[in-house]
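Structural features, examined
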Amino acid sequence: MSPILKRSIVIAGHKTSVSVQDEFLASLKEIAGERGMSVGAMIGAIDGGRKHANLSSAIRLFVLDVYHDQIAIWGRH
């Protein structure tokens with residue numbers, strides 16, 4: 001697994017940073033593309049709906065939740 005890297009992003013006009021592994025960022029890009037969203041817009045949506053104080057953790061949990069939901073759907077077929 002890759003190391004955790006700090007990345008600067010702009011959300012709703014303000015600059016912030018998140019620390020995520022490359023694998024989580026790649027997955028987030030894939031999910032955003034499938035939903036027709038930019039990564040910035042996806043992170044903004046995660047930021048707006050997060051229940052956790054840390055945006056980096058919220059991103060990781062969002063990616064895990066998406067894949068968990070996909071596994072649950074596959075299990076029903």
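Structure first, text after, so check above.
Cut-off values and rules
Residues numbered from 1 in each chain as written. Predicted model: local features only at pLDDT ≥ 70, side-chain atom pairs only at ≥ 80, totals over all residues. Heavy atoms only, no water. Buried < 20%, exposed > 50% of the residue type's maximum accessible area, 1.4 Å probe, protein only. Helix = DSSP H or I, 4+ residues; strand = E, 2+ residues; numbered from the N terminus. Arc of directions from axis to C-beta. Contact = heavy atoms within 4.5 Å. Expected span 1.5 Å × (residues − 1). Core = buried A, V, L, I, M, F, W, Y, C linked by side-chain atoms within 4.5 Å. Axes fitted to C-alpha atoms, helices over the stretch in contact; angles between N-to-C directions. Parallel < 35°, antiparallel > 145°, perpendicular 65-115°, else oblique.

Now for helix α2 (residues 39-49). Every buried residue of α2 is listed here: M42, I43, I46 and D47. Seen along its axis, α2 keeps its buried residues to an arc of 140°; they face one direction. Turned more than 90 degrees away from the buried face of α2, the exposed residues are G48 and G49.

This part covers the environment of L28. Checked against the element boundaries, L28 lands in helix α1 (residues 22-34). Along the sequence, L28 and K15 sit 13 residues apart, while their C-alpha atoms lie 19 Å from each other. When near neighbours in sequence (up to four residues on either side) are disregarded, L28 contacts V39, M42, I43, I46, I59, F62 and V63.

For α1, with 13 residues, the first-to-last C-alpha span of 18 Å sits near the 18 Å given by 1.5 Å per residue. For α1, the complete set of buried residues consists of F24, L25, S27, L28, I31 and A32. Across the axial projection of α1, the buried residues extend over an arc of 160°, all falling on one side. Seen from the open side of α1, the exposed residues pointing more than 90 degrees away from its buried face are G33 and E34.

A few words now on the nonpolar core. In terms of nonpolar packing, the biggest core is built from 18 residues, with L28, M42, I43, I46, L55, I59 and F62 touching the most fellow members. Top element by residues in this core is helix α3 (residues 55-76). It accounts for 6 residues. Dropping the residues within four chain positions of it, L55 is found in contact with I9, I11, T16, V18, I43, I46, D47 and R50.

Bringing the packing of α2 against α3 into the picture now. Two packed helices can be described by the angle between their axes and the distance between those axes. Running from N to C, α2 and α3 cross one another at 105°; their axes reach a closest spacing of 10 Å. On the basis of their axis angle, the class for α2 and α3 is roughly perpendicular. Side by side, α2 and α3 meet where M42, I43, I46 and D47 of the first sit next to L55, A58, I59 and F62 of the second.

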